Structures are given as structure tokens and as C-alpha cells.
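Observations on chain architecture
Each chain, written out:
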Amino acid sequence: AQANDFIQVFEALSGQHPGERKGHAKGVCTIGSFRPSAGEPWLKELSLFATEQALPAQVRFSMAGGDPFVADTSRSPRGIGVRIELPDGQVHQLAGLSTPVFPGKDPDSFLGLLRASLAQREGETGAVARYLQQHPDAARQGQWLKQHNPPASYTSVNYFGIHSFIFGNQGQQKRFGRWELWPVDGEQPLTDAEMAQLPDDFLQERLMQRLKTGPAQFELKLILAEEGDPLLDPSLQWPDNRPRVTLGRLSIDSVVASACDRLNFDPNVLSKGIAASDDPVLRLRSAAYAISFGKRLSGR
Ligand code: HEM
């Protein structure tokens, strides 16, 4: 699977929306800050956690998929894109989802699922079920979404980095870890009744109302891998009992609609001391985001 295959299938599934993101088209942009507070000395040696001062951040919340008009009640992932500006000019980005797993162990498996959805849409009954039967890794996100209603607001849900990243500077021990963002407001899912009754658009309005009462915050957490944890498969979660280390606090201050227009939340833009793993889905994302970024900047 190539990055462009994804752009094509996203556009086939969601229609042409010139100038919009080809994934996570619907969303809301905010500004805020990240205040590092990593307690462990080895973490303080990584650029992102070296200071305890608040670093400027841009944060975009989004609905998965390429449809800018999708209903906010949809049983689909919510997304968060975070861009943090370090004092020395480096930038660190995070782009995660409200599901702990991705629908595919690698790009081929995910692309197959998208193509099966398209085939089903075009009349091939049962195409998705057949595909999922043969590719259990591609079924895991859907299974999780069935068991967890979508969030009542963008700031009342956990977000997951999903991929493994490698933490440690040159000369230090390298440790595989995954990040999570935990809402300080607590998790609050929609009830079934709310899912049936709410209008298509309420997440942006709720976020603006929430921010009138002060910043909404998330704790950034790190889970470190233990022997035998799957390091390169984003469709698999690590056991729930892994300890989490607090890395800092992300503060969402205000909605600034245009502040993300020229940003590309490529998850491989990382500061010194944190590196991408060889997860093939993580690797492919940069190229797909670049194509989408180029298209939307040029109004295509
Ligand atoms: C093969 C796998 C994937 C492909 C092809 C893909 C593709 C895309 C594309 C084309 C965009 C729009 C980029 C832009 O115009 O700026 C996007 C946005 C996004 N993706 Fe992915 N993605 C993949 C996997 C993932 C994964 C694993 C995550 C989370 C861990 C994720 C989270 C996001 C988020 C949060 C955004 C919105 C960023 C923003 O607000 O601008 N994606 N994706």
C-alpha cells in the first residue's frame, strides 16, 4: 500500500471536498500550552521534558474520516493533533485517536478494509464482514467502538498515541513507550439516548462553552513496554496493568479557528530524545499527510 492509495480511497468514500483535509476533515482548532513535569531524571534529558515552563501549543480536535459534515454522534474515532513549540525552536507533534487500537496491523490490512467498505457501498453485500473474518487485526478497532459510546465532548475522552515510540537520547538506554492523554475533566461518554437525539453538530459548541469556564486540561502519560509486548503492531493493546508515568499537562485555552490551517500534524515530527519506531503504519503516515496537506493548501 502506498500513501496515495489511501488518499484515493478516502476521496472515493467521502467525496471530493476541495481544500479540506482528506482525513479528519471535520474539526476545531485551539491554542494552549504544554507544561512538562516528568519526574524521572532520564526523562528530563529528553528535549520535550527538559524545562518546566509552559510551552506554546496548537491543538486540533477532529472527527475521523474525510467527510466535513459527518455527525458528531458517529460511532467512530475522535482525533487530537498537538503541536508543541520548544524553547530552542524544536517542534514536537502528537496525533492520536480516542481508540487504543488501529484497524490494521499494517497499511495493507487497513487499506483492504477501506476497499471492502467501498465495495460494499457499491453493492457487494457482506464485503466488510468477509474481510474482517479473514483479517481479525482490522476488526479490533470496530470491536472497541461497539463497546464504547463516543464522547460527550472533545475534552472528556482519553486519547491514545497507539504506535510505539523510542524514548532515550543517544548514549542512554532506549525504551519503547506509548503515550496517552487523560482528560482532567474525566471521561464522559454519550448515552444511547443522547446518541439518538443530539444534532449533527454539537462538539465545537460544547468545547467553546467549556473553555468559557477556564482551560480544559489533559495529563500526558507514558506507558513503557515490558518484555514480550507487541512493539510494531498498532492493532494490539498492551496489557492494562502496565504502569503509567506522568509527563506533563496539556492545557486547551481557546478556539482559534485559523491557527491550524497551515499545520500538518505529521506524527513523525519529533523532538530530540523521542524517535519513531518501525511500526509500518506510523512510517506511512508522513507521506499521506504530506499529500493531503499539499492538496488542501492548493484548494484541491
Ligand atoms: C495508514 C494509516 C493512516 C493514514 C493513511 C492516515 C491519513 C490521514 C490524512 C490524509 C490526514 C489529513 C492530514 C492533513 O491534511 O493534514 C489525517 C489526519 C489525522 N490522522 Fe491519520 N492516517 C492514518 C493513521 C492514523 C493513526 C494511526 C492515527 C492515530 C494514532 C491518526 C490520527 C490522525 C489525526 C488525529 C488526524 C487529524 C490531524 C489534524 O487535526 O490536522 N491517523 N490522517
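If you check an unreviewed UniProt entry, the protein appears there as Catalase-related peroxidase from Shewanella indica. Under Sequence similarities (unreviewed entry), UniProt gives the following word-for-word description of the protein: "Belongs to the catalase family." Its UniProt record, at the heading Cofactor (unreviewed entry), says of the protein: "heme".

Around the ligand sit 27 residues in total, of which Arg 21, Arg 60, Tyr 289, Ser 292 and Arg 296 are the nearest. Contacts to the ligand include Arg 285, whose side-chain N or O atom sits 3.4 Å from a nitrogen atom. Between the ligand and the protein, one listed contact pairs an oxygen atom with a side-chain N or O atom of Arg 296 at 2.7 Å. Among the elements that take part in the shell around the ligand, helix H8 (residues 280-297) stands out by supplying 8 residues, more than any other. Among the residues making up the shell around the ligand, the classes are represented as 15 nonpolar, 8 polar and 4 charged.

Moving on: helix H5 (residues 136-147). A rise of 1.5 Å per residue sets the reference length of H5, with its 12 residues, at 16 Å; its end C-alpha atoms lie 17 Å apart and thus fit the reference within 8%. Every buried residue belonging to H5 is among Asp 137, Ala 138, Ala 139, Gln 141, Trp 144 and Leu 145, and all of these are buried.

Here we take up the nonpolar core. Counting residues in each nonpolar core, the largest one holds 45 residues, and the members touching the most others are Leu 43, Phe 49, Phe 61, Ile 80, Leu 181 and Leu 250. It is strand E2 (residues 55-63) that provides the largest number of residues to this core, a total of 5 residues. When near neighbours in sequence (up to four residues on either side) are disregarded, Leu 250 contacts Ser 33, Phe 34, Ala 57, Val 59, Ile 80, Val 82, Leu 181, Ala 216, Gln 217 and Phe 218. Residues Phe 6, Leu 13, Val 281 and Leu 284 belong to the second largest nonpolar core, which totals 15 residues.

What follows deals with the coordination of the iron atom of the ligand. Among protein atoms, the single one acting as a donor to the iron atom of the ligand is Tyr 289 (OH), 2.0 Å away. Looking at where Tyr 289 falls in the secondary structure, it is placed in helix H8.

Attention now goes to the packing of helix H3 (residues 107-121) against helix H4 (residues 127-134). Helix packing geometry: the angle between the two helix axes and the distance between the axes. For the pair H3 and H4, the least separation of the axes is 8 Å and the interaxial angle reads 160°. The orientation of H3 relative to H4 falls into the category roughly antiparallel. Residues Asp 108, Ser 109, Gly 112, Leu 113, Ala 116, Ser 117, Ala 119 and Gln 120 of H3 form the contact with H4, whose participating residues are Ala 127, Val 128, Tyr 131 and Leu 132. Residue composition of the contact of H3 with H4, grouped by class: 7 nonpolar, 4 polar and 1 charged.

On to the state of the cysteines, then. The full count for this structure, using the stated rule, is 1 disulfide. Each disulfide pairs two cysteine sulfurs, and for Cys 29 the partner residue is Cys 260, the sulfurs being separated by 2.0 Å. Because the sign of the S-S torsion sets the handedness, a value of about 75° for the bond joining Cys 29 and Cys 260 places this disulfide among the right-handed ones. Residue Cys 29 is found in strand E1 (residues 27-36), and its partner Cys 260 is found in the loop between strand E9 (244-255) and strand E10 (274-276); the two are separated by 231 residues along the sequence. Comparing Cys 29 with Cys 260 shows no difference in burial state: the two are buried.

A word on the pattern of salt bridges. Going through the model one piece at a time under the given rule, you end up with 14 salt bridges. Glu 11 is paired through a salt bridge with Lys 22; the nearest N and O atoms lie 3.9 Å apart. Of this pair, Glu 11 sits in helix H1 (residues 3-14) while Lys 22 sits in the loop between H1 and E1, and the two are 11 residues apart along the sequence. Comparing Glu 11 with Lys 22, the two get one shared label, buried. A salt bridge links Glu 219 to Arg 249; the nearest nitrogen and oxygen atoms lie 2.6 Å apart. Residue Glu 219 is found in strand E8 (residues 216-224), and its partner Arg 249 is found in strand E9; the two are separated by 30 residues along the sequence. Here the salt bridges do not stand alone but share partners, grouping Glu 11, Lys 22 and Lys 295 into one network.

The rules behind each value
- Residues numbered from 1 in each chain as written.
- Predicted model: local features only at pLDDT ≥ 70, side-chain atom pairs only at ≥ 80, totals over all residues.
- Heavy atoms only, no water.
- UniProt positions renumbered as here; feature names shortened; annotations may be inferred.
- Near = heavy atom within 4 Å.
- Polar contact = N/O pair within 3.5 Å; in protein donor to acceptor, adjacent residues only side chain to side chain.
- Helix = DSSP H or I, 4+ residues; strand = E, 2+ residues; numbered from the N terminus.
- Nonpolar A, V, L, I, M, F, W, Y, C, P; charged D, E, K, R; others polar.
- Expected span 1.5 Å × (residues − 1).
- Buried < 20%, exposed > 50% of the residue type's maximum accessible area, 1.4 Å probe, protein only.
- Core = buried A, V, L, I, M, F, W, Y, C linked by side-chain atoms within 4.5 Å.
- Contact = heavy atoms within 4.5 Å.
- Donors = N, O, S within 2.8 Å, 3.2 Å for Na, K, Ca; no water.
- Axes fitted to C-alpha atoms, helices over the stretch in contact; angles between N-to-C directions.
- Parallel < 35°, antiparallel > 145°, perpendicular 65-115°, else oblique.
- Disulfide = S-S within 2.5 Å.
- Salt bridge = Lys/Arg side-chain N within 4 Å of Asp/Glu carboxyl O.

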